[in-house]
Every structure is written in C-alpha cells, then in structure tokens.
Amino acid sequence: MSYLYKNLFIITLMTGTLISISSESWLGVWIGLEMNLLSIIPLMNNSKDLKSTEASLKYFIVQAMASMILLMGFLINTIKINLPNNLLLENLPSSIITTSLMIKTGAAPFHFWFPEVMEGLNWMNALIMLTWQKIAPMTIIMYTHSNEILITTVIMFSVITGGLMGINQTSLRKIMSYSSINHIGWMMAALLFTETLWKWYFLIYSAMNMAIIWMLSKFNISSIPQLMAMSKNNPKMKTFFMFNFFSLGGLPPFIGFLPKWLTIQVMVLNEMYLTGAMMIIITLITLYFYMRITMPLITLSSSSSSLNLSNQQFKSKNMMSLNSILLTGLLFSTMAFNWI
Amino acid sequence: MLILNFSVFTCLLSLLVFCSKRKHLLLTLLSLEFIVLSLYFMLSFSLMFFNYEFFFLMIFLTFSVCEGALGLSILVSLVRTHGNDYFQSFNILW
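Source: prediction; values computed, not measured.

## Description of the overall build of chain A
So, point 1. Along its length, chain A carries 16 helices and zero strands.
So, point 2. In terms of overall dimensions, chain A is globule-like: its C-alpha atoms have a radius of gyration of 21 Å, near the 20 Å expected for 340 residues.
So, point 3. Structurally, chain A occupies a C-alpha span of about 75 × 50 × 40 Å along its principal axes.
So, point 4. Per-residue burial over chain A gives 59% buried out of 340 residues.
So, point 5. Contacts in chain A between residues far apart in sequence, at least 24 positions, make up 76% of those at least 6 positions apart.
So, point 6. When the 18 positive and 10 negative side-chain charges of chain A are each reduced to one mean point, those points stand 19 Å apart.

The following block contains the structure:
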C-alpha cells in the first residue's frame, strides 16, 4: 500500500514517452522526455539503498544534460530557419539533436553512464531501463533525418564497445547492459532504413530481455556464480536460460535471429556491405560472452555450490509458455510466411 | 544575429560549466540552473518567431523547476545514504 505512488509514476512514465513520440512540435518532444525523466527517478530511487540512490543520481545528471542539449539543438534550429543570413553550419542542429538523443539512449561513444546506472537497479527497473526507456529517444532519432555518417559511426562504436567491454564482466546487469549497447547498434542500423524493421527489432529484443530478466529476478541472481545455484536441480530452467541467451545472440533456430536477418537483408539492399559485415563479425564476440555465461551451466557439475534450492522445484506455466513461444518463434514466422 | 551568437555562446559555456569536475554535487545542480537560464534566454528569443507566444516560457519554467527540485531531492537522498555530497564518494557502482 505504501508503494501506491509507483503506479502513478509508471502511468506518467508511459504518458511521457507517448507524448514525445507522437507530438507535432519539438517542444512537445522535450516535454515528453522531461516527464519521462521526472517519473523514472522516483521509480528507481529507494532512499534506504545506497546503490539505487547513486544510480538515480547518475541517471538524472546525464538525462538532464541530454534534454537541455536537445532543447538547445532545436532552438538553434528554429532561430536558424527564421533568421536570414546566418553563419551556422548546414546540419549542425540535427547533429546536436541526434547526439543528445544518443546520450539519452546510451549508444556507444556516450555509453559510459549506462552500465553504472544498470548496476544499481533491481531487475524490474533494469528491464524498464533496457526496453521502455529506449523507445522515445530512438523514435525521435528516426524522425530526425540526420546525416548517415554520424549514425554509421555510432553504429560501429556501439557494436564494438558492446562486444569488447562485455567480455570480462561477472555482474549479469553489466553483461545485459553491454549486450544492450550492442543491440542498440543493430537497432540504429534498422532505423536508418525502415520504421517497421526497427519496430520488430525492438519488440523481439524486449521480449527476449523480458524472458531472461524474469528468470533472473525470480531467482534473485545478479552475478554468474549464483547461476549455478539456480540451475542445480532445475534442468528445464537451465535449458531455457541457455536457449534464451542463444536467442539474444542471434543464433538461427531461435527468434533472435529474425530481426538480425532482416537488418542484414536491408543493409545489403542499400549497399552498406562494410558496415554490415563488421557488425556481423563483431557480434560474434557478444555471442562468445553469452556462451561463457551459459556453457558452465551445462558442462560443469555444480555440486560445490553452497546454496541449496533443491526442494524449491520451480514451476511457472506463464514463464514456460513465454519461453516456448519465443524460442520457436522463428519456425512459426517462417511457416506463416511460406504457407499463409 | 548578435543575440543568436550570444545565446549559443552562453549555452555552450553553461554546458562546459556543468560538465567540469566539481567537488560537491550541489555545485553541479547549481550549474544545471545556469543551463536553464541560458536556455530561457534563447527560448524567449526564438518564441518571437511563433507570434510572440511567450506563454510557453511558463511551461518551460515549470518543467525546469520540477527538474531542479528533483535534483535537490536526489541530493537529500544521497546525503542520507552516503553521508556527504562529494563526487569522490559516488563510486560504488563500478
């Protein structure tokens, strides 16, 4: 009952995002992003917790700066359009706007706040941070037709840092955030071409994240050694967990392959061969650290674990059905395209 | 033209002040207000192109005051958990 205010802030969070992606003017975009920021901070902050307070501080500082830069960008744009004989550069305002939105998303040269903020959140807030908070900035990047060189640079940076920085991590929140940075690179490549493609990529990515984070928050796991305790007497969960990470990495029989496949197709059609090839190759590193999480679960025996959850046979019909739909989704969508 | 150059210069300067390294969190929040101030100037200039629709300044001030108050409440929360507001001590998330 004492957490009733969180319902209100979740509603205003969603309202802020919807305002900013459906507004007609730039000032409405700014208002929506501000509402989003003002309502996510009370959701993630817990005044008795050291970590979440610090995470909300870091998130607040970065997001406030990014929205101020965004407002500055389109005010410069307004003045530049209406004032004759100005000396400003041609695409300066759109570059400023795109850069500030990339700070808000956490794309790669501006990603430094993102793993730190993720480290201090609980899993539900981390899920909001990984999925819902990406909608508004990426949609507005899609609406702002910025120059391709900037976006391609950000794609390459995102994919490379998402792959390389995730290698030596032990915290699962850090791993999820670096994998999210990697996926942001792919989503940027998708939104460069088609809106529908970005929408599907985002939807499937959110569903995969939801399946993984559901398990992690159910068993309250935050680092790799704790995974052993979960998987000790839970072979079904273990298998689903492994398959979900394969799906997140984009291995073909699972649904995570579908948006990457479509993105590669569109990039080849638009003759971005080099960028596409680099993205595919570097995402293999991401797949490598996913395998490093999941391989010990099935190869090593976990008898040395001190935690014992053996009596706690976990059963959840909802989780099972979500996982089954997600993992076999590519087969079903292929069948739908071929026979219907 | 001079006004445009001045306002862009003020914005960039305030961003520089905001991003520079401080000892206290309160100074960063104060320089956030400096950004708000320079954007207020720029916004009041650019609203002249929209039929002098200065009522939006009210909305801008409302949101920026909300943001400042939120920053101060985070400051209070940080002082309650960490004991001070030095940036030096905000390093547990690495």
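## Concerning the UniProt feature "transmembrane region" (unreviewed entry) in chain B
Residue and element names in this part refer to chain B.
So, point 1. When the UniProt feature table is mapped onto this chain, "transmembrane region" (unreviewed entry) is found at residues 29–50 and 57–79.
So, point 2. Between the first and last C-alpha atoms of residues 29–50 the distance is 31 Å; the span itself is 82% helix and 0% strand.
So, point 3. The span residues 57–79 is 100% helical and 0% strand by assignment, and the distance between its end C-alpha atoms comes to 33 Å.

## With respect to the nonpolar core
So, point 1. Formed by 141 residues in total, the largest nonpolar core has its most connected members in Phe241 of chain A together with Leu39 of chain B.
So, point 2. Looking at this core, the element that brings in the most residues is helix α3 (residues 50–82) of chain A, giving 18 residues.

## Here we look at the packing of aromatic side chains
Residue and element names in this part refer to chain A.
So, point 1. Under the counting rule described, the total for this entry stands at 17 aromatic pairs over all chains.
So, point 2. Ring geometry for tryptophan 198 against phenylalanine 202: centres 5.4 Å apart, planes inclined by 25°, an arrangement best described as stacked. Separated by four residues within a single helix, tryptophan 198 and phenylalanine 202 lie in helix α10 (residues 195–218), roughly one turn from each other.
So, point 3. Directly above the ring of tryptophan 123 sits arginine 173, whose terminal nitrogen or CZ lies 4.6 Å from the centroid.

## Looking at the UniProt feature "transmembrane region" (unreviewed entry) in chain A
Residues and elements named next belong to chain A.
So, point 1. Mapped onto this numbering, the UniProt entry annotates "transmembrane region" (unreviewed entry) at residues 7–23, 57–76, 149–168, 175–194, 240–261, 273–291 and 320–339.
So, point 2. Overall, residues 175–194 shows 85% helix and 0% strand. The separation of its end C-alpha atoms is 28 Å.
So, point 3. As a span, residues 273–291 carries 100% helix and 0% strand, and end to end its C-alpha atoms are 27 Å apart.

## Describing the interface of chain B and chain A
So, point 1. Every contact between the two is made by 40 residues of chain B and, on the other side, 42 residues of chain A.
So, point 2. When chain B packs against chain A, the two sides together hide about 3,800 Å² of surface, and 84% of this comes from carbon and sulfur.
So, point 3. When the buried surface of chain B facing chain A is broken down by residue, Phe63, Glu67 and Leu93 of chain B rank first, second and third, together holding 20% of it.
So, point 4. The interface formed by chain B and chain A holds zero salt bridges in total.
So, point 5. Scanning the region where chain B abuts chain A turns up five residue pairs in polar contact (both at pLDDT 80 or more).
So, point 6. Of all the elements, helix α3 (residues 56–82) of chain B adds the most residues to the side of chain B that touches chain A, at 13 residues.
So, point 7. By residue class, the composition of the side of chain B that touches chain A is 31 nonpolar, eight polar and one charged.

## Some details on the packing of helix α1 (residues 5–22) of chain A against helix α7 (residues 132–143) of chain A
The axes of two packed helices give the description: the angle between them and the distance between them.
All names here are of chain A.
So, point 1. At their nearest, the axes of α1 and α7 sit 9 Å apart, and the two run at 5° to each other. The pairing of α1 with α7 is recorded here as roughly parallel in orientation. The segment α1 lies against α7, with Leu13, Met14, Thr17, Ser20 and Ile21 engaging Trp132, Gln133, Ile135, Ala136, Thr139, Ile140 and Tyr143.
So, point 2. Grouping the amino acids of the contact of α1 with α7 by side-chain chemistry returns eight nonpolar, four polar and no charged.

## Some remarks on the side chain of threonine 10 of chain B
Residues and elements named next belong to chain B.
So, point 1. Following the sequence through the fold, threonine 10 ends up in helix α1 (residues 2–19).
So, point 2. Side-chain polar atoms of threonine 10 contact the backbone oxygen of phenylalanine 6, separated by 2.5 Å.
So, point 3. Discounting chain neighbours no more than four positions away, the residues touching threonine 10 are Phe34 and Ser38.

## Things to note about α3 of chain A
Since the α-helix advances by 3.6 residues per turn, residues separated by three or four positions end up pointing in the same direction.
Residues and elements named next belong to chain A.
So, point 1. The end-to-end C-alpha separation of α3 is 49 Å, in line with the 48 Å expected for 33 residues at 1.5 Å each.
So, point 2. The element α3 is largely enclosed, with a buried count of 28 among its 33 residues.
So, point 3. Among the residues of α3, the N-terminal cap falls to aspartate 49, whose side-chain oxygen and the backbone nitrogen of lysine 51 are separated by 3.3 Å.

## Comments concerning the state of the cysteines
So, point 1. Under the definition given, this model contains zero disulfides over all chains.
So, point 2. Distance from the sulfur of cysteine 11 of chain B, which forms no disulfide, to the nearest cysteine sulfur (cysteine 19 of chain B) is 13 Å.

## Things to note about unusual backbone geometry
So, point 1. The backbone phi angle of asparagine 220 of chain A is positive, close to 55°, even though this residue is not glycine.
So, point 2. Along the chain, asparagine 220 of chain A turns up in the loop between α10 and α11 (224–231).
So, point 3. Classification of asparagine 220 of chain A as exposed rests on a relative accessible area of 62%.
So, point 4. We note that tyrosine 52 of chain B has phi near 55°; this positive angle belongs to a residue other than glycine.
So, point 5. By secondary structure assignment, the location of tyrosine 52 of chain B is in the loop between α2 (25–46) and α3.
So, point 6. For tyrosine 52 of chain B, a relative accessible area of 54% corresponds to the exposed category.

## Some words on the environment of tyrosine 290 of chain A
Residues and elements named next belong to chain A.
So, point 1. Within the secondary structure layout, tyrosine 290 lies in helix α14 (residues 273–299).
So, point 2. In this structure the C-alpha to C-alpha distance between tyrosine 290 and threonine 170, which are 120 residues apart in sequence, comes to 12 Å.
So, point 3. Residue contacts for tyrosine 290: discarding those within four places in its chain leaves Ser179, His183, Phe245, Leu248 and Gly249.

Each value, and the rule that gives it
- Residues numbered from 1 in each chain as written.
- Chains lettered and ligands numbered in written order.
- Predicted model: local features only at pLDDT ≥ 70, side-chain atom pairs only at ≥ 80, totals over all residues.
- Heavy atoms only, no water.
- Helix = DSSP H or I, 4+ residues; strand = E, 2+ residues; numbered from the N terminus.
- Rg over C-alpha atoms; globule rule 2.2 N^0.38 Å.
- Buried < 20%, exposed > 50% of the residue type's maximum accessible area, 1.4 Å probe, protein only.
- Contact = heavy atoms within 4.5 Å.
- Lys, Arg positive; Asp, Glu negative; His and termini not counted.
- Charge placed at Lys NZ, Arg CZ, Asp CG, Glu CD.
- UniProt positions renumbered as here; feature names shortened; annotations may be inferred.
- Core = buried A, V, L, I, M, F, W, Y, C linked by side-chain atoms within 4.5 Å.
- Phe/Tyr/Trp six-rings, centres within 6.5 Å; stacked < 30°, edge-to-face > 60°.
- Lys NZ or Arg CZ within 6 Å of the ring centre and 35° of its normal.
- Buried area = accessible area lost by both parts, 1.4 Å probe.
- Salt bridge = Lys/Arg side-chain N within 4 Å of Asp/Glu carboxyl O.
- Polar contact = N/O pair within 3.5 Å; in protein donor to acceptor, adjacent residues only side chain to side chain.
- Nonpolar A, V, L, I, M, F, W, Y, C, P; charged D, E, K, R; others polar.
- Axes fitted to C-alpha atoms, helices over the stretch in contact; angles between N-to-C directions.
- Parallel < 35°, antiparallel > 145°, perpendicular 65-115°, else oblique.
- Expected span 1.5 Å × (residues − 1).
- Disulfide = S-S within 2.5 Å.

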